[in-house]
Amino acid sequence: MGLKVSQPPRRRPVLFTALLLWLMMIASAQADETQPDRARDLRYGWILYEYHQGNAFDALTQLAVAREQGGIEGHGDHPALVEGGLMLSWGMTREASSVFTELLGTDGGSTLPLNVRNQAWFYLGKVFYLEGNHARASENLERVDGDILAAANHDLFREWVYLRARLATMSSEFGNGLELTSLQGLLEDTDIWSLYLRYNSAVSARDTGNAVAAEAELQALIAILDESTDSDEPEAEREGLLGRARLSLAGLYLRDGQFEAALETLGAMPLNGVFADQALFDYAVAAAGQGRPQRALDALETLSGRDLFLPWRQQVPYARAYVLEQMNRPQHALPAFRQAADHYEARIEELNGIRSRLSEENLMAQLDFRRDSEGILTDSYGRLRVQPVDFGMAEVLASETFQQALAELNELYRMQSFIAERQSRFEAFRTMLETREQQRQIRIAQTRRALDSQQAEQWQQLHHAFREKIATALSEEDAGFFMTSKQKALRNKLDEVAETLAGLPDDATTASQRATYQSMRAYFDWWIADDYGVNRWATQKQLRELDREMEHFQTQRQQVETLMADGAGHAELARRISTSERELATLGEEISVALGNARHGLLSQVDRMLVARQEELKGYLLASRHAQARLADQLFSASQSAGVGDE
Amino acid sequence: MATCLIIRFPMLLSALLLGFTAPVFAQTNTEGESNHTAVAEQVEALKKKVIRLNRDLFILEEDLLFPANTQVAVFLSVDTGKFLKLDAVKLKVNDDIVASHLYTERQVTALERGGMQRLYVGNLKTGPHQITAFVEGIGPDQRPYKQAASLEFEKDTGTAALEVRVQDRSSNYQPSVSIVEWE
């Protein structure tokens, strides 16, 4: 079983340590006009909810959604700052750097408080330092204003001084030590960061061949550590550093042949300390060098009784035999060398076997990952909380590159889980789309029935006929056609009168009525002619209104018809599903390739370590065999001489 | 060779010892580092792609399941949380329970720090609707506390967003629950 995770990245647990504490601080309410007490944007509130739980992936996704849908209102630069912080905590240091540079750079015009900007630069610089990118680490750490940082957070300020001093030590400009001295001057002598600086500068001095400076620095460090017991730092950390300093100083003494000084330094180390075994071995070396082999042998015998799984302890079998030889006990030294050779041979064989069987599965079996209910725990920089099952792995596990490679492998597996989980959703997406289409067809059928019931064609025909009649009446100037209802009623009455008069004899008895009728008819005709313009205008107005209504009616019907016929929305969704599916598949392939690379890189690191260890063992094996042969010859010669003497 | 090793024995051991006590955080394997940088850059580029794709899928899923003209989203916020330690919430829309949630310590902390939980997202037709939230937790004097809030609202053709707001009321040292409609 390789390094597998059961959860997709959205549920990745992240411990709330320094970086996230800072992130929380910047996202929570501040005395700053650009950051209101409450979320003014629901999406931003949601982002904060995910982000305060350490769900960096979900929060980053929601930030991307917000950007796609018009951005976040009312929070100024804070969403971008939160995004940069989330990227840092999710191991996207390069992206985070771009975000911060754009947001906090001198030309950015950011409204963020200076101390927030300061701390952003600090964390960014620290992440680059841990990644081994010293140029970018320096670039970002130099942007920090030390005074402001010291006032806002003195712990961060101390660490900032340490990081800058380390970078100064490692830079090519290092030589006059002026910058280093001035930085060291910013810290108290007893400050743990100052002590680490002393230790590291001693190691640097030793590596450049300046043993005197290295010795002086280590002696000063040990003196400070011995005197400062009432410190704020955890005791174990100071004790660890003290042990490390003593071992290094003893190493320097041994190198210079100052065995008495080495014995004295090592003798001050506790027998139950972290470095007790290593001190014991050095003690044996010093004792042997000082001409006290029995002491050396006692120390080595003690070490021999322990498991020889730590790489440096592989020296013990050879050293034990060597001391026996030095004590002029060849009868004991010969079998000791034989045992040493057998041990090295077996160990080389064992390493051969380990190398040939080396796989991700075997490697992971050697590591003990700390987990909670939601998966493997990580620190605030995304590195996994892991301990070696086999302490032989401790050396490689302690290296930053291995830690980062392991974290990245884990991230890649998480991304692979994400891809698998999302791929399984596409079937559901298609079902959703199909269901939507079915519902749409049902609604279309219902609408069609409703439209049919409106008898639109009949209305259209009536409208058309009416228009024709009006047009004809207009062309014929038919004033009667445009009469009002009242006029039509009068006309009908006049017609009735005319009809009645027609049925009566045309004589003096009806003459008066006929005259009255004639005058009424004449008046009526004059009235109709006089009202023609008004009546025609009123009819045309009504017609225009009817035209508008009919046009609106037709437009609406047309829109409904277009909507019913238009499958563009459905097609667009279908296209998006297909595109996303293709992209997901491509991304899955890229992740597989990256996983292969990461796996290969990780195993190569372990293999390189195993090869180096094998080479070392081969050296000891060869030396043991040579010593065996030499001693066998010596003993044989001695026995021959004794035989001759006896004769 | 053996003689040489014997002569160099103390020196060899010292060298090994010094190698073991290398500088804190020091890196020596440049080949491994450069390979690792390449992988790290690759992983970061992939992470960027994964976020972008997840964004697209999230929007696609919302467009499919909760179209804008019918979508209703209910958020929950906790203002200070001094008088109520949130434990659980139930949500009813038109007499149907549509969401219920039990809160972990981490979620409560996230809410108290200004986060807003999307408690529910669903679809509603245009027209009048009623929403009711039941909030449970530990209230003043460490006693179990329950409170409900209700709101009648008109759903139009746009997305509807509501907020269940749990606040401290300093006037009577009691928590208060209200539902607010976002424009």
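An account of the accompanying structure is given in this report. (Residues numbered from 1 in each chain as written. Chains lettered and ligands numbered in written order. Predicted model: local features only at pLDDT ≥ 70, side-chain atom pairs only at ≥ 80, totals over all residues. Heavy atoms only, no water.)

1. With respect to the nonpolar core
Then step 1. Grouped together as the largest cluster of nonpolar side chains are 150 residues, with contacts concentrated most on A:Phe122, A:Leu412 and A:Ile591.
Then step 2. The element that contributes the greatest number of residues to this core is helix H26 (residues 568-646) of chain A, accounting for 19 residues.
Then step 3. Residues within four places of A:Leu412 in sequence aside, it is in contact with A:Ile591, A:Ala594, A:Leu595, A:Ala598, B:Val43 and B:Leu46.
Then step 4. Among the nonpolar cores identified, the runner-up in size contains 31 residues, and B:Tyr103, B:Ala110, B:Tyr120 and B:Tyr145 belong to it. (Core = buried A, V, L, I, M, F, W, Y, C linked by side-chain atoms within 4.5 Å. Buried < 20%, exposed > 50% of the residue type's maximum accessible area, 1.4 Å probe, protein only. Helix = DSSP H or I, 4+ residues; strand = E, 2+ residues; numbered from the N terminus. Contact = heavy atoms within 4.5 Å.)

2. Here we look at the pattern of salt bridges
It is possible for side chains of opposite charge to pair when their charged atoms get near one another.
Then step 1. One pass over the full model with this rule turns up 38 salt bridges over all chains.
Then step 2. For the salt bridge of A:Arg94 with B:Glu41, the shortest nitrogen-to-oxygen distance reads 3.7 Å. Within this pair, whereas A:Arg94 is found in helix H5 (residues 93-104), its partner B:Glu41 is found in helix H3 (residues 30-65), the two belonging to separate chains.
Then step 3. What makes B:Glu41 partly exposed here is its relative accessible area of 42%.
Then step 4. Of the charged contacts, one joins A:Glu561 and A:Arg448 as a salt bridge, the two residues approaching to 2.8 Å between their closest N and O atoms. Here A:Glu561 is found in helix H25 (residues 508-565), whereas its partner A:Arg448 is found in helix H22 (residues 426-453), with 113 residues between them in sequence.
Then step 5. Under the relative-accessibility criterion, A:Arg448 is labelled partly exposed at 33%.
Then step 6. Where salt bridges share partners, they join A:Glu68, A:Glu583, B:Arg52, B:Arg55 and B:Asp56 into one cluster. (Salt bridge = Lys/Arg side-chain N within 4 Å of Asp/Glu carboxyl O.)

3. Examining the packing of aromatic side chains
Then step 1. In total, this model carries 18 aromatic pairs over all chains according to the counting rule given.
Then step 2. With 5.8 Å between their ring centres and 80° between their planes, B:Phe83 and B:Tyr173 make a pair best called edge-to-face. Placement of B:Phe83 in the loop between strand E1 (71-79) and strand E2 (85-93) and of B:Tyr173 in the loop between strand E7 (160-169) and strand E8 (174-182) is noted, with a sequence separation of 90 residues between them.
Then step 3. With relative accessibility at 14%, the residue B:Phe83 sits in the buried group.
Then step 4. By the ring-pair criterion, three or more aromatic residues cluster together here, those being A:Tyr318, A:Phe337, A:Tyr344 and A:Tyr620.
Then step 5. The aromatic ring of A:Trp121 is capped on one face by A:Arg143, whose charged end is 4.3 Å from the ring centroid.
Then step 6. Between B:Lys47 and the ring centre of A:Trp90, over which it is positioned, the NZ or CZ distance is 5.0 Å. (Phe/Tyr/Trp six-rings, centres within 6.5 Å; stacked < 30°, edge-to-face > 60°. Lys NZ or Arg CZ within 6 Å of the ring centre and 35° of its normal.)

4. Side note on the interface of chain A and chain B
Then step 1. Across the boundary between the two partners, chain A contributes 93 residues, which contact 71 residues of chain B.
Then step 2. Both faces considered, chain A and chain B share a buried interface measuring about 8,000 Å² in area, 66% of it formed by carbon and sulfur atoms.
Then step 3. It is A:Arg38, A:Leu42 and A:Tyr49 in chain A that bury the most area against chain B; as a group they hold 10% of the surface buried on that side.
Then step 4. On inspection of chain A and its partner chain B, the count reaches 8 salt bridges.
Then step 5. With a closest N to O distance of 3.3 Å, A:Glu68 and B:Arg55 form a salt bridge. (Buried area = accessible area lost by both parts, 1.4 Å probe.)

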